[in-house]
Amino acid sequence: MLELKEEHLQVREMARKFADEVVAPRAAEIDEREEFPADVVRRMAELGFLGLPFPEKYGGAGLDTLAYIIAVEEISRVCASTGITLAAHVSLGCGPVSAFGTEEQKMKFLMPMAKGEALGAFGLTESGAGSDAGGTQTRAEKVEGGWRVNGSKIYITNGSVAKYVTFTARTTPGMGAKGISAFILDTATPGFRVGKRERKMGHRGSDTVELVFEDCFVPKDNLIGDPSTGFKAFLRTLAGGRISIGAMALGIARGAYEHSLQFAKQRVQFGQPIAKFQAIRFMLAEMAMRIEASRLLVYQAAVLKDAGQEYVKEASMAKLFASETSNWVTDKAIQIHGGIGYMRDLPIERMHRDAKLMEIGEGTSEIQRLVIAREILRDD
Amino acid sequence: MLQVVCIKQVAGSETRVKVAGDGKHLDTAGVTWILNPYDEFALEEALRIREKMGEGEVVAVSIGDAGVPTTLRNALAMGADRAIHLKSDVPSPDPLAVARALAAEIGPLAPRIVWFGRQSIDDDQAQVGPMTAELLGLPGASMIATLEIDGDRAVVEREIEGGREVMEMQLPAAFSADKGLNEPRYPSLKGIMAAKKKPIEEKPAQLGEPNLEVLSLELPPTRSAGRIVGEGKQAVAELVRLLREEAKVI
């Protein structure tokens, strides 16, 4: 097992305690009511979760990707809705400004987000642009002093609670992915509004909405990154977000596994705990093994990113393996629990609903396989 | 104002405890170590006093082996300014020896308040705090539920059997904290980073020869399975009889 540093162990201990004491008690309720956990997010902001991996000079805690990944894992272990809120804010809301922003943009946008004074979101997906981001229809036309944006984005996590939204728009028509640039916007800007609020299968406590741009003016200083280096490079570096999905999936799987382990030891049938039956033991053994393998992949991707090495392939592997693990583990967790596992009195069925998104968001499992294949074949 | 908080690293309550082969020590393999929960109340109160006064220093002190700095680092992450690790490879079974080692270190620092948790959750002796206070010649109160400081005066409340006791004393003094004195904070993520840069001073612990010896350590007998006496109202009388005559708990 990879050796964790003292600060990583401390982050784990603190995040686990916080998750058990503050996050977990709200998990069932926010799922049931489809309620955004503003109270929990405020506590996370106070403790520095929202700026965890960013330098202190931008208001962050100055820790690294691995520490952030561990925090996302621990929080998702008890509540995936809270986990995705944190991950979307850090990886997608703050991530692009941190990776591509100018010094001025970092001071203006990253600082308040890392301090936890403002939430961030990221808008890429459109009705016609899912796996194929090149299909982006949102237009940004050059006007005096900036850009005029028209179009809409869908399924945007934190979309209605964010102060800053980074989004992609087509600046040059007919150029495929090359004609697309990224911008950051204050959501108080006229011409921007929140559209449809989604009703989801899982992650029901997280905020998922449509973003609408109607002749929305974006100042020229809000363009993120150099358009000439291309949109593809931009997406490539966003692979960082995939590690956090891997961490969420790992957390969900662990939560379901821990409940199953405890249940199997206590539930008595045919005169003995069901954990004594080989059918159950094999399921628990398989769960533990897949979780351990997921953890190694997820942590490895984080360590590579922290070391400044290539991690695109590893991030996709981690995301893919951990997300499929979370679906397998939560499915078997319901099986071990039997009837009660199907009931909403226990968190197991919620974990199963939450796990499904892991195979879809930030690149479907199919896209991850394409990325991995492209990385190992190098034939594109 | 300087406050010293004496903390102890203990096995987490989720750890499944095993007795070592010699029958006198705990097997420490696989143990998850934590900051003694009662000491967290003491540390939290010290931090609050420092914050309220807007000045002062909080020093965490612990005795133990090479694993102790991890726990001291947690105290620093919560907000202690610096730490002192009094090194001792073998845990002393003698509270008086521990109190002497602490007093030898704390005395020259001349703190206004010396803090302890009411007891450690492993040995449960609750002796080190009062003994150290005595050796330092300080007035002390153990298991305090509230504390008010006004200049050189301290007023504490203690939960006692059937009521509350209020005591007043002069500072400097020593206190041991009870659960409920406050709600300890989580170390913030910035605190965890800051703790990496705070100093932990290492010194040998002057424990001397222990005056007592642990002869044997045994786990409690495994709990036998429960029994269902019956169902409904008619079972109550039988249950009460068994609780009284067999279990002898009522």
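All of these numbers come straight from a predicted model, not from anything done at the bench. (Residues numbered from 1 in each chain as written. Chains lettered and ligands numbered in written order. Predicted model: local features only at pLDDT ≥ 70, side-chain atom pairs only at ≥ 80, totals over all residues. Heavy atoms only, no water.)

(A) Representation of the overall build of chain B within the structure. When helices and strands are tallied, chain B shows 6 helices and 13 strands. With respect to the principal axes defined by its C-alpha atoms, chain B has extents near 65 × 45 × 40 Å. Burial analysis of chain B (250 residues in total) assigns 41% to the buried set. In the structure as shown, chain B presents an accessible area of about 13,800 Å², 52% of it carried by carbon and sulfur atoms. Side-chain charges in chain B split into 29 positive and 38 negative, and the spacing between the mean points of these groups amounts to 4 Å. (Helix = DSSP H or I, 4+ residues; strand = E, 2+ residues; numbered from the N terminus. Buried < 20%, exposed > 50% of the residue type's maximum accessible area, 1.4 Å probe, protein only. Areas by Shrake-Rupley, 256 points an atom, 1.4 Å probe, with all protein chains shown as cover. Lys, Arg positive; Asp, Glu negative; His and termini not counted. Charge placed at Lys NZ, Arg CZ, Asp CG, Glu CD.)

(B) Here's a closer look at the overall build of chain A. Across its full length, chain A holds 12 helices and 10 strands. Against the globule reference of 21 Å for 380 residues, chain A gives a C-alpha radius of gyration of 21 Å, in line with a compact fold. Its C-alpha atoms give chain A principal-axis dimensions of roughly 80 × 45 × 40 Å. For chain A, buried positions account for 56% of its 380 residues. Carbon and sulfur atoms form 53% of the exposed surface of chain A, whose accessible area is close to 16,100 Å². Treating the 48 positive side-chain charges of chain A as one cloud and the 49 negative ones as another, the clouds have centres 2 Å apart. (Rg over C-alpha atoms; globule rule 2.2 N^0.38 Å.)

(C) Region of interest: the sheet that holds strand β10 (residues 153–160) of chain B. Residue and element names in this part refer to chain B. Strand order in this open sheet of 9 strands is β11-β10-β9-β12-β8-β1-β6-β7-β13, and the pairing throughout is mixed. Single-partner strands in this sheet number two, and they are β11 (163–170) and β13 (200–204). In this sheet, neighbouring strand axes are inclined to one another by 30° on average, regardless of whether the strands run parallel or antiparallel. Docked against the sheet, helix α1 (residues 37–53) engages β1 (2–6), β6 (57–64), β8 (113–117), β9 (140–150) and β12 (173–177), running at close to 150° with respect to β8. (Pairing = 2+ DSSP bridges. Axes fitted to C-alpha atoms, helices over the stretch in contact; angles between N-to-C directions. Contact = heavy atoms within 4.5 Å.)

(D) Up close: the interface of chain B and chain A. Counting residues at the interface gives 15 residues for chain B and 21 residues for chain A. At the junction of chain B with chain A, the criterion picks out 4 salt bridges. Its salt-bridge partner being Glu 56 of chain A, residue Lys 197 of chain B comes within 3.7 Å of it at the nearest N-O pair. Elements represented by at least two residues in the side of chain B that touches chain A include exactly α2 (68–78) and α5 (189–197) of chain B. The greatest single-element share of the side of chain B that touches chain A, amounting to 6 residues, is contributed by α5 of chain B. A class-by-class count of the residues in the side of chain B that touches chain A yields 7 nonpolar, 3 polar and 5 charged. (Salt bridge = Lys/Arg side-chain N within 4 Å of Asp/Glu carboxyl O. Nonpolar A, V, L, I, M, F, W, Y, C, P; charged D, E, K, R; others polar.)

(E) Expanded view of the side chain of Arg 350 of chain A. Residue and element names in this part refer to chain A. Assignment of secondary structure puts Arg 350 in helix α11 (residues 348–358). Judged by relative accessible area, Arg 350 falls into the buried class, the value being 7%. There is a polar contact of 2.8 Å between the side chain of Arg 350 and the backbone oxygen of Val 78. Aside from chain neighbours lying at most four places away, what touches Arg 350 is Ala 27, Ala 28, Asp 31, Val 78 and Cys 79. (Polar contact = N/O pair within 3.5 Å; in protein donor to acceptor, adjacent residues only side chain to side chain.)

(F) Layout of the environment of Lys 332 of chain A. Residue and element names in this part refer to chain A. If you trace the backbone, Lys 332 turns up in helix α9 (residues 312–337). Judged by relative accessible area, Lys 332 falls into the partly exposed class, the value being 22%. Residues Lys 332 and Val 303, spaced 29 residues apart in sequence, show a C-alpha to C-alpha distance of 30 Å. Beyond its immediate sequence surroundings of up to four residues, Lys 332 is in contact with Met 283 and Met 287.

(G) How the structure looks around the confidence of the model for chain B. All names here are of chain B. This prediction gives chain B a mean pLDDT of 92; 100% of its residues lie at or above 70. Strand β4 (residues 26–27) is the least confidently modelled element of chain B, averaging 84 in pLDDT, while β1 averages 98, the highest of any element. Prediction confidence for the complex, expressed as pTM and ipTM, is 0.90 and 0.85 respectively. (pLDDT = per-residue confidence, 0-100.)

(H) Quick look at the nonpolar core. Within the largest apolar cluster, 129 residues are counted, with the highest numbers of intra-cluster contacts made by Phe 18, Met 44, Phe 49 and Ile 336 of chain A together with Trp 115, Phe 175 and Leu 189 of chain B. In terms of residues, this core owes the most to one element, helix α7 (residues 239–266) of chain A, which gives 13 residues. Those residues in contact with Met 44 of chain A that lie beyond four places of it in its chain are Phe 18, Phe 49, Leu 50, Ile 75, Thr 82 and Leu 86 of chain A. With 20 residues, the next largest nonpolar core counts Leu 2, Val 59, Ile 84 and Leu 102 of chain B among its residues. (Core = buried A, V, L, I, M, F, W, Y, C linked by side-chain atoms within 4.5 Å.)

(I) Spotlight on a nonpolar patch on the surface. Residues and elements named next belong to chain B. A surface patch of nonpolar side chains, about 550 Å² in accessible area, is lined by Val 229, Val 236, Leu 239, Val 240, Leu 243, Val 249 and Ile 250. Residue position: Val 249 is located in the segment after α6 (234–245). Relative accessible area serves as the criterion here: at 57%, Val 249 is assigned to the exposed category. (Patch = residues over 30% accessible without salt bridge, like charges linked within 9 Å, V, L, I, M, F, W, Y side chains within 5 Å.)

(J) Broad picture of the pattern of salt bridges. Taken as a whole, this structure holds 59 salt bridges over all chains when the rule is applied. Put simply, Arg 43 of chain A and Glu 46 of chain A hold a salt bridge, and the shortest N to O gap is 3.9 Å. Of this pair, Arg 43 of chain A and Glu 46 of chain A are both found in helix α2 (residues 38–47), 3 residues apart, which corresponds to roughly one turn of the helix. On the basis of relative accessible area, Arg 43 of chain A is assigned to the partly exposed category, the value being 32%. For Arg 241 of chain B, the salt bridge identified is with Glu 245 of chain B, shortest N-O distance 3.0 Å.

(K) Quick look at helix α5 (residues 103–114) of chain A. Residue and element names in this part refer to chain A. Under the 1.5 Å per step criterion, the end-to-end length of α5 is only 14 Å for 12 residues, more than 12% shorter than the ideal 16 Å. Buried residues of α5: Gln 105, Lys 106, Phe 109, Leu 110, Met 111, Pro 112, Met 113 and Ala 114, and no others. Summarising the contacts, the buried residues of α5 are in contact with α4 (80–100), β1 (120–123), β4 (164–170), β5 (180–186) and β8 (223–224). Just beyond α5, the residue with positive phi is Gly 116, at close to 85°. (Expected span 1.5 Å × (residues − 1).)

(L) Up close: the pairing of β12 of chain B. Residue and element names in this part refer to chain B. Judged by how many residues are buried, β12 sits mostly within the fold: 5 of 5 residues are covered. Strand direction decides the pairing type here: β8 and β12, joined by 5 bridges, are parallel. Residue Val 114 lies in a different strand from β12, and its bridge partner there is Ala 174. Alignment of β9 against β12, held across 3 bridges, turns out to be parallel. Bridging across to β12, Ile 144 finds its partner in Ala 177.

(M) Inspection of the packing of aromatic side chains at higher detail. Scanning all chains against the criterion turns up 10 aromatic pairs over all chains. Ring plane angle 65° and centroid distance 5.3 Å describe the contact between Trp 147 of chain A and Phe 183 of chain A, whose orientation is recorded as edge-to-face. Placement of the pair is Trp 147 of chain A in strand β3 (residues 146–157) and Phe 183 of chain A in strand β5, with a sequence separation of 36 residues. Residues Trp 115 of chain B and Phe 175 of chain B carry aromatic rings whose centres are separated by 5.5 Å and whose planes lie at 50° to one another, so their mutual orientation is tilted. Residue Trp 115 of chain B is found in strand β8, and its partner Phe 175 of chain B is found in strand β12; the two are separated by 60 residues along the sequence. Judged by its relative accessible area of 0%, Trp 115 of chain B falls in the buried class. Three or more aromatic residues joined by ring pairs make a cluster, and in this case those are Trp 147, Phe 167, Phe 183, Phe 192 and Phe 213 of chain A. Positioned above the aromatic ring of Trp 147 of chain A, the side-chain terminus of Lys 142 of chain A is 4.9 Å from the ring centre. One residue, Arg 118 of chain B, lies across the ring of Tyr 38 of chain B, its end atom 5.6 Å from the ring centre. (Phe/Tyr/Trp six-rings, centres within 6.5 Å; stacked < 30°, edge-to-face > 60°. Lys NZ or Arg CZ within 6 Å of the ring centre and 35° of its normal.)

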